[in-house]
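These are the residues of each chain, in order.
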Amino acid sequence: MSERRVVVTGLGLVTPIGNTVDESWANTVKGKSGANRITEFDTEGFRVQIGASIKGFDPLDYMDAKDVGRNDAFIQIGVAAAVQAVQMAGLEDATDKHRIGVAIGSGIGGINTIEATHSTVLDRGPRRVSPFFVPSSVINMIAGLVSIRFGFQGPNIAIVTACTTGTHNIGYGARMIRHGDADVMVVGGSESSTSPVTVAGFASMRALSTRNDEPEKASRPWDKGRDGFLLGDGSGILVIEEYEHAKARNADIICEITGFGVSADAHHITSPPDDGHGAVTSMKNALSDANISPDLIQYVNAHGTSTPQGDIAETEAIKRVFGADTKVSISSSKSMIGHLLGAAGAVEAVFCALAINDGIAPPTINLDEPDEQCDLDYTPHVARDLDIQHALSNSFGFGGTNGTLIFSRV
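Report on the accompanying structure. (Residues numbered from 1 in each chain as written. Predicted model: local features only at pLDDT ≥ 70, side-chain atom pairs only at ≥ 80, totals over all residues. Heavy atoms only, no water.)

Some remarks on the packing of helix α1 (residues 21–30) against helix α12 (residues 344–358)
Here's step 1: Where α1 meets α12, the closest approach of the two axes is 11 Å, and the angle between their N-to-C directions is 75°. If you check the angle between α1 and α12, you find them roughly perpendicular. In contact with V21, S24, W25 and T28 of α1, α12 contributes F351, L354, A355 and D358.
Here's step 2: Each residue belonging to the contact of α1 with α12 can be placed in one class, and the counts come to five nonpolar, two polar and one charged. (Axes fitted to C-alpha atoms, helices over the stretch in contact; angles between N-to-C directions. Helix = DSSP H or I, 4+ residues; strand = E, 2+ residues; numbered from the N terminus. Parallel < 35°, antiparallel > 145°, perpendicular 65-115°, else oblique. Contact = heavy atoms within 4.5 Å. Nonpolar A, V, L, I, M, F, W, Y, C, P; charged D, E, K, R; others polar.)

Right, here's the structure in full:
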């Protein structure tokens, strides 16, 4: 079977720095931080009291009041970003709906609904649990609702791989198109996990920054003073499409997905190996899939979580793939939006597509004093005009799961 080309024709975003693609991207280029004190619940007694929340989002712009009440926030923002992407792609009235599928996942899913329902059981009894509890919190419900809303009858899945979720849904969605299972896929990830249990759990692992008095400075990938990541909420969705199908309907093509690589560290449940060998394999597999050499990549959107060990491991991995003296421009979107867990790779994929389209490498903010072991070009503080033909995006998740995407100009 001959493989088919896969292009990007639609984008959707809801992030801590914007509720649309244009707003989120404009603030990314400006280097705006979306960090804030947590207001979703009372953080008294919590070691961590900061995060990166969505601001001013109204789900009623995308769903009726009944559906809003029946669905967890991660579903609401996932559907919103998907509607944006489908509308940008001009597919609301598509006629070949049996050839359009959906692959949207989440790392944690409806944790806020789960916590609230548990409290209901304890305080009011099991008979007071909503009949919508299960469908309002299961991870594949975004894909289900998007399919129902637009009548898309193709493949309908939700891959769950922790912080690599968004990347894997995009990559495997592209493979479905390449192998003829669909002509169009709506792909990505969504997360709204700023809840007491989630924050307490990550804080207990010492994974989160404790800069409670300076939230906007908390996420600082590769900086000597980094002390963990900033938990964020958001959603990123792409419409990806077989190239000839997109051309036939005169769709605006943003860029092409040319490479996808996966691997496992086979090392530890949460920590990467010091030499980054799993990340190395994932990047090499993506480059091989794209049939390009590392020197053709102009921009890398790194996983870049702002954890002491992870940033060093990824730096080492990039050096092993691109060379110790590489001049490739690298940045971490997480310095601005925090770590969106299952949505991270999808949001960062949207940023890669826009970086290629607009010729801009976004910045890494808060990189004031680089760690001696993190000595590459991380595009500090200020965005950079850059002719980007090929961009690479990394995502790494708990359990040692890795994913890499390569986007190219058409």
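Examining the state of the cysteines
Here's step 1: Applying the stated criterion across every chain yields a total of zero disulfides.
Here's step 2: Of all cysteine sulfurs in the structure, the one in C352 sits closest to C163, which takes part in no disulfide; the separation is 17 Å. (Disulfide = S-S within 2.5 Å.)

Some remarks on helix α9 (residues 277–290)
Here's step 1: Here α9 contains 14 residues, and its C-alpha end-to-end distance of 20 Å stays within 8% of the 20 Å for a straight helix at 1.5 Å per residue.
Here's step 2: What α9 keeps buried is the set G278, A279, V280, S282, M283, A286, L287 and A290.
Here's step 3: Following α9 by one or two positions, N291 has its phi on the positive side, about 60°. (Expected span 1.5 Å × (residues − 1). Buried < 20%, exposed > 50% of the residue type's maximum accessible area, 1.4 Å probe, protein only.)

Some remarks on the environment of I388
Here's step 1: In this fold, I388 is placed in the loop between β12 (384–385) and β13 (390–397).
Here's step 2: Counting along the chain gives 284 residues from I388 to I104, while the straight-line C-alpha distance between them is 27 Å.
Here's step 3: Among residues more than four places away in sequence, those in contact with I388 are Q298, Y299, A355, I356, I360, A361 and R409.

Here we look at the packing of aromatic side chains
Here's step 1: According to the stated counting rule, one finds eight aromatic pairs in the structure shown.
Here's step 2: On the basis of an interplanar angle of 35° and a centroid distance of 5.9 Å, the ring pair of W25 and F351 is categorised as tilted. Separated by 326 residues along the polypeptide, W25 in helix α1 and F351 in helix α12 bring together distant segments of the chain. Note on accessibility: W25 and F351 belong to one class, buried.
Here's step 3: Relative to Y378, the ring of W222 has its centre 4.0 Å away and its plane inclined at 10°; by these criteria the two rings are stacked. Highlighted residues: W222 in the loop between α7 (196–204) and β7 (234–242) and Y378 in the loop between β11 (360–361) and β12, separated in sequence by 156 residues.
Here's step 4: With a relative accessible area of 2%, Y378 lands in the buried category. (Phe/Tyr/Trp six-rings, centres within 6.5 Å; stacked < 30°, edge-to-face > 60°.)

As for the packing of α9 against helix α10 (residues 308–322)
Here's step 1: Here α9 crosses α10 at 40°, and the two axes come no closer than 8 Å. When the axes of α9 and α10 are compared, the pair comes out oblique. Crossing of α9 against α10: the hand is right-handed. Here H277, A279, V280, M283, K284 and L287 of α9 come into contact with α10, specifically with A317, I318, R320, V321 and F322.
Here's step 2: Taken together, the residues of the contact of α9 with α10 break down into eight nonpolar, one polar and two charged. (Left-handed = near helix turned anticlockwise from the far one by under 90°.)

Brief notes about the environment of V86
Here's step 1: One can find V86 in helix α3 (residues 73–89).
Here's step 2: The exposure class of V86 is buried, given its relative accessible area of 1%.
Here's step 3: The spatial distance from the C-alpha of V86 to the C-alpha of L11 is 7.7 Å, given a sequence separation of 75 residues.
Here's step 4: Among all residues touching V86, those that are not within four sequence positions of it are L91, E92, F150, F152, V186 and V239.

Focus: the pattern of salt bridges
Here's step 1: Under the criterion given, the structure shown has 19 salt bridges.
Here's step 2: For D387, the salt bridge goes to R409, with nearest N and O atoms at 3.0 Å. In this pair, D387 is assigned in the loop between β12 and β13 and R409 in the segment after β14 (401–408), connecting sequence segments 22 residues apart.
Here's step 3: With a relative accessible area of 49%, D387 lands in the partly exposed category.
Here's step 4: Among the residues examined, R409 registers a relative accessible area of 35% and is labelled partly exposed. (Salt bridge = Lys/Arg side-chain N within 4 Å of Asp/Glu carboxyl O.)

Structural notes on the sheet that holds strand β6 (residues 184–191)
Here's step 1: On the basis of which strands lie adjacent, the open sheet formed by ten strands has the order β5-β4-β6-β7-β1-β8-β14-β13-β9-β10 and mixed pairing. The strands lining the two open edges of the sheet, one partner per strand, are β5 (156–157) and β10 (329–331).
Here's step 2: Summarising the sheet, strand β4 (residues 100–105) and β6 pair through six bridges and their orientation is parallel. Paired with I104 across the bridge in β6 is G188.
Here's step 3: Contacting β9 (299–301), β10 and β13, α10 crosses the sheet at an angle of about 140° to β13. (Pairing = 2+ DSSP bridges.)

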